[in-house]
Amino acid sequence: MDFSREVEIPARLVDGQLLYRDASTYYGPLGYYANALALLVFGHRLEVFYVVGLVLGLVTTLLFYRLAKRLTDTRWAALSTICMLLYCAIGPGLFNFIVPYSYGAVYATVLCLLAVTFLDYYTCKGQIKWLVVAAIACGLAGLAKQEYGVAALGGVLVGANLYFPQNFRTRVTRSLLVLAVASACTFLPLALLAQQVSWEKLYLSLFPIPKADFLKQSTLFQVSPAKTLRHWFATFRHFFAASVLILLSVAAANWISKLKFIHNFKKFRFFVEILVGVALAWISLSFLGWVCQFIPYFNFLHSINDIVFHPLRDMSWCLPVFVGWFALNRPQSPQYKHAPLLWTLLVFSLLLNARWLFYINFYGLYATPVVLLFFTLLYYLTQRVRGVVWRYLLVCLVIGGSMNLGSLAQYHYAVNSSYGTFYTWNATLASSFNQTIQAINSSKATSVLVLPEGSILSFMTATRSPSRIITFQPIALLGSEAQQDFLASMKINPPELIVFVDMLFREWGYENYAEFNPLVSNWITQQHRLTHTFPIPVFPEGEGFIRIYSRN
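Right, let's walk through the structure included here. (Residues numbered from 1 in each chain as written. Predicted model: local features only at pLDDT ≥ 70, side-chain atom pairs only at ≥ 80, totals over all residues. Heavy atoms only, no water.)

Quick notes on the side chain of Thr376
- With respect to the helices, strands and loops of the structure, Thr376 is situated in helix 17 (residues 368-381).
- A polar atom in the side chain of Thr376 sits 2.7 Å from the backbone oxygen of Leu372.
- Apart from the residues lying within four places of it in its own chain, the contact partners of Thr376 are Leu71, Thr72 and Leu342. (Helix = DSSP H or I, 4+ residues; strand = E, 2+ residues; numbered from the N terminus. Polar contact = N/O pair within 3.5 Å; in protein donor to acceptor, adjacent residues only side chain to side chain. Contact = heavy atoms within 4.5 Å.)

Description of the nonpolar core
- Counting 158 residues, the largest nonpolar core has Leu46, Leu312, Met315, Val371, Phe374 and Leu393 as its most contacted members.
- With 14 residues, the single largest contributor to this core is helix 5 (residues 103-125).
- In this structure, Leu312 is in contact with Cys83, Tyr87, Phe239, Tyr363, Phe374, Phe375, Tyr392, Leu393, Cys396 and Leu397, ignoring residues within four places of it in sequence. (Core = buried A, V, L, I, M, F, W, Y, C linked by side-chain atoms within 4.5 Å. Buried < 20%, exposed > 50% of the residue type's maximum accessible area, 1.4 Å probe, protein only.)

Describing the packing of aromatic side chains
- Taken as a whole, this structure holds 37 aromatic pairs when the rule is applied.
- Here the aromatic rings of Trp76 and Tyr379 are separated by 5.5 Å at their centres, their planes lie at 75°, and the arrangement is edge-to-face. With Trp76 in helix 4 (residues 74-89) and Tyr379 in helix 17, this residue pair connects regions lying 303 residues apart in the sequence. The two residues Trp76 and Tyr379 agree in class, both being buried.
- Considering the side-chain rings of Phe374 and Phe375, the 5.5 Å spacing of their centres and the 85° angle between planes classify their relative orientation as edge-to-face.
- Look at Phe374 and you get buried, because its relative accessible area is 6%.
- Joined through ring pairs, the aromatic side chains of Trp76, Trp325, Phe326, Tyr336, Trp343, Tyr379 and Tyr380 make up one cluster.
- Its guanidinium or amino end placed over the ring of Tyr121, Lys125 lies 5.1 Å from that ring's centre, counting from NZ or CZ.
- Its end group placed over the ring of Tyr379, Arg386 keeps NZ or CZ at 3.7 Å from the ring centre. (Phe/Tyr/Trp six-rings, centres within 6.5 Å; stacked < 30°, edge-to-face > 60°. Lys NZ or Arg CZ within 6 Å of the ring centre and 35° of its normal.)

Points about the pairing of strand 1 (residues 413-417)
- Where strand 1 meets strand 2 (residues 420-424), five bridges bridge the pair, whose relative direction is antiparallel. If you follow Ala414 over to strand 2, its bridge partner there is Tyr423.
- Linkage of strand 1 to strand 2, two consecutive antiparallel strands, is achieved through a turn of two residues. (Pairing = 2+ DSSP bridges.)

Some remarks on the pattern of salt bridges
- Counted according to the given criterion, the structure contains 13 salt bridges.
- Salt-bridge contacts for Arg66 lead to Asp120; the nearest nitrogen and oxygen are separated by 2.7 Å. Residue Arg66 is located in helix 3 (residues 46-71), and its partner Asp120 is located in helix 5; the two are separated by 54 residues in the primary sequence.
- You can call Arg66 partly exposed: its relative accessible area is 22%.
- One continuous salt-bridge network, built from bridges that share partners, spans Glu8, Arg12, Asp15 and Arg464. (Salt bridge = Lys/Arg side-chain N within 4 Å of Asp/Glu carboxyl O.)

Details of empty space enclosed by the protein
- In the structure shown here, the tally under the stated rule is two cavities of 30 Å³ or more.
- The volume enclosed by the largest cavity comes to roughly 40 Å³.
- Lining the largest cavity are Thr109, Cys112, Leu113, Tyr148, Phe348, Leu352, Leu365, Tyr366, Thr368 and Pro369.
- Counting only elements with at least two residues in the lining of the largest cavity, the list comes to helix 5, helix 15 (339-352), helix 16 (363-366) and helix 17.
- When residues in the lining of the largest cavity are grouped by element, the largest group, three residues, is from helix 5.
- Classifying every residue of the lining of the largest cavity gives eight nonpolar, two polar and no charged.
- There is about 30 Å³ of room inside the second largest cavity.
- If you go around the second largest cavity, the residues you meet are Arg12, Leu449, Val450, Ser455, Ser458, Ser465, Ile469, Ile470 and Phe472.
- Of the residues contributing to the lining of the second largest cavity, the split by class is five nonpolar, three polar and one charged. (1 Å grid on protein atoms, 1.4 Å probe; cavity = no way out; pocket = protein on both sides within 12 Å on 5 of 7 lines; lining within 4 Å. Points joined across faces, edges and corners; volume = space filled by probe spheres on them. Nonpolar A, V, L, I, M, F, W, Y, C, P; charged D, E, K, R; others polar.)

Comments concerning the sheet that holds strand 5 (residues 528-537)
- Here four strands make up an open sheet; going across it, the order is 3-4-6-5 and the pairing mixed. In this open sheet, the two strands that pair with only one neighbour each are strand 3 (448-451) and strand 5. Going across the sheet, the axis of each strand differs from the next one's by a mean of 15°, ignoring polarity.
- Two elements, strand 3 and strand 4 (residues 497-501), share four bridges in a ladder whose sense is parallel. Following the sheet pairing, Val450 is matched in strand 4 by Val499.
- Those strands touched by helix 19 (residues 427-443) are strand 3, strand 4, strand 5 and strand 6 (543-551), and its axis lies near 155° from that of strand 5.
- Across the sheet, helix 23 (residues 518-526) is in contact with strand 3, strand 4, strand 5 and strand 6; its angle to strand 5 comes to roughly 110°. (Axes fitted to C-alpha atoms, helices over the stretch in contact; angles between N-to-C directions.)

Let's talk about helix 21 (residues 479-492)
- The terminal C-alpha atoms of helix 21 lie 21 Å apart, and with 14 residues this matches the ideal 20 Å at 1.5 Å per residue to within 8%.
- Within helix 21, the full set of buried residues consists of Gln483, Phe486, Leu487 and Met490. Each buried residue of helix 21 lies within a common arc of 100° when the element is viewed along its axis, so the set occupies one face. In helix 21, those exposed residues whose orientation departs by more than 90 degrees from the buried face are Glu481, Asp485, Lys491 and Ile492. (Expected span 1.5 Å × (residues − 1). Arc of directions from axis to C-beta.)

Some details on the side chain of Ser417
- By secondary structure assignment, the location of Ser417 is in strand 1.
- Within polar-contact distance, the side chain of Ser417 engages the backbone nitrogen of Tyr419 at 3.0 Å.
- Those residues within four positions of Ser417 in sequence are excluded, and the remaining contacts are Ile437 and Met460.

Brief notes about the state of the cysteines
- Per the stated rule, a full pass over the model turns up zero disulfides.
- Its sulfur unpaired, Cys88 is 7.1 Å from the next cysteine sulfur, which belongs to Cys83.
- Considering cysteine sulfurs only, Cys138 is the nearest to Cys185, which forms no disulfide, with 9.5 Å between them. (Disulfide = S-S within 2.5 Å.)

As for the layout of surface pockets
- Roughly 360 Å³ of volume is contained in the second largest pocket.
- Among the secondary structure elements, those contributing two or more residues to the lining of the second largest pocket are helix 6 (128-144), helix 7 (146-161), helix 8 (168-197) and helix 9 (199-206).
- Per-element accounting of the lining of the second largest pocket gives the leading share, five residues, to helix 8.
- Of the residues contributing to the lining of the second largest pocket, the split by class is 13 nonpolar, seven polar and no charged.

What follows is the structure in structure tokens.
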């Protein structure tokens with residue numbers, strides 16, 4: 001549970017611990033310290049994080065809408081903003097703004113959009129102060145999450161140098177100014193942190209190069225040209241198949257709305273047309289999803305997530321299309337009024353997703369500029385049929401939004417404590433978490449080690465782990481030497497309780513925790529006494545347990 005790490009680290013910082021020295025993470029410090037400040041002001045409550053996410057989502061929405069309106073018109077800006085909200089800000093899963101896998105990524109998204117907005121002000125007004133604040137936003141974005149700062153900085157450099165005058169000396173001066181300001185905003189706070197942590201530990205935390213090869217054992221982190229091409233092709237096929245059916249439904253709905261008994265009610269004609277379009281599209285997509293289960297030729301359209309209902313959910317295929325369009329058209333002023341802004345968004349999108357070799361992994365947090373560019377280019381390319389395309393997009397979003405609401409509604413089993421509430425999709429899981437919280441509270445323990453994941457239990461019980469490691473993924477303790485060092489630290493500062501949460505690690509090539517950290521697993525089971533066992537479902541299948549151990 002990545003969200004566990006995101007709530008546990010700020011709580012530790014409030015207690016006086018130091019990031020990277022006492023709590024390990026690979027992400028930048030800005031988000032953690034900002035959330036720690038929120039906890040300090042509003043108290044040790046899980047709801048504080050929800051409010052932070054909602055505020056960041058609101059700011060993102062306003063900035064996104066402002067940029068979309070600059071590039072298109074009011075109606076298209078509204079649709080593109082709704083699409084961003086559905087599939088980025090408040091979508092189900094870990095890659096949204098409210099309960100994200102990384103709040104640093106959410107802060108960075110806001111700062112990147114601020115940088116792009118300030119760059120737009122600079123290209124409109126020509127005042128150097130806007131370029132300076134854009135550079136500041138880039139530097140702070142890098143302090144929140146490294147790749148976002150690099151992507152925003154690249155986009156701002158390109159956009160700024162497309163603004164007049166474009167002579168060599170002016171371009172060099174602009175570039176040096178942006179680089180100097182952004183670098184200062186990133187490295188000065190890190191230098192202050194390094195005085196307490198050490199540059200070596202800081203560098204290995206933010207850039208874990210020695211562990212990079214091991215990361216590739218996980219299918220989630222593997223990249224290759226073949227994987228990228230497959231992902232582009234798969235997402236385009238889903239988009240194309242669903243779009244054909246939705247466009248046919250929109251055309252049929254338009255014809256029906258022109259029938260005499262409907263045409264006479266002009267005030268309701270548009271709503272009837274959209275409702276009929278949604279109904280026809282839903283029926284046709286449902287039929288397609290049913291067919292996909294039985295006809296091998298159409299298996300590529302079927303997925304457990306009903307992706308056929310979401311043609312706009314994954315637009316990874318757009319990245320090569322964007323590059324092709326920009327290569328052919330080379331937008332420049334005055335033909336394209338917002339040419340610097342367009343190039344900024346393209347470079348930002350490409351650099352942000354270069355880590356995954358130009359497909360969008362962790363979609364909700366990496367797709368924001370891609371959504372904006374998709375709607376903008378579609379607006380430019382469909383001038384003669386803009387009304388039809390707008391209706392098609394509206395139907396897509398109504399269906400997709402309904403499906404997302406259905407997915408979110410599954411999370412209705414509450415896990416409660418004195419420090420907040422979160423919801424899960426499984427009644428057994430919620431019950432076991434609640435029983436675990438009660439058992440920890442009844443023990444009166446203050447030092448509780450939770451592993452390999454699930455440190456949200458520490459937050460929900462206001463206990464603290466004696467380990468600087470928050471999540472014990474296979475990458476956390478590589479090899480027997482790292483495990484022995486960890487066990488040595490546990491002997492110096494032993495936990496009162498150990499909460500072991502069953503998990504599968506098949507994407508890493510392991511079935512369970514004991515396979516990659518056997519020394520730690522043996523230490524838990526052989527040198528501690530089992531006191532509680534609670535059943536939990538183990539994703540993607542099977543049953544596991546939460547086991548609580550106390551000292552012998």
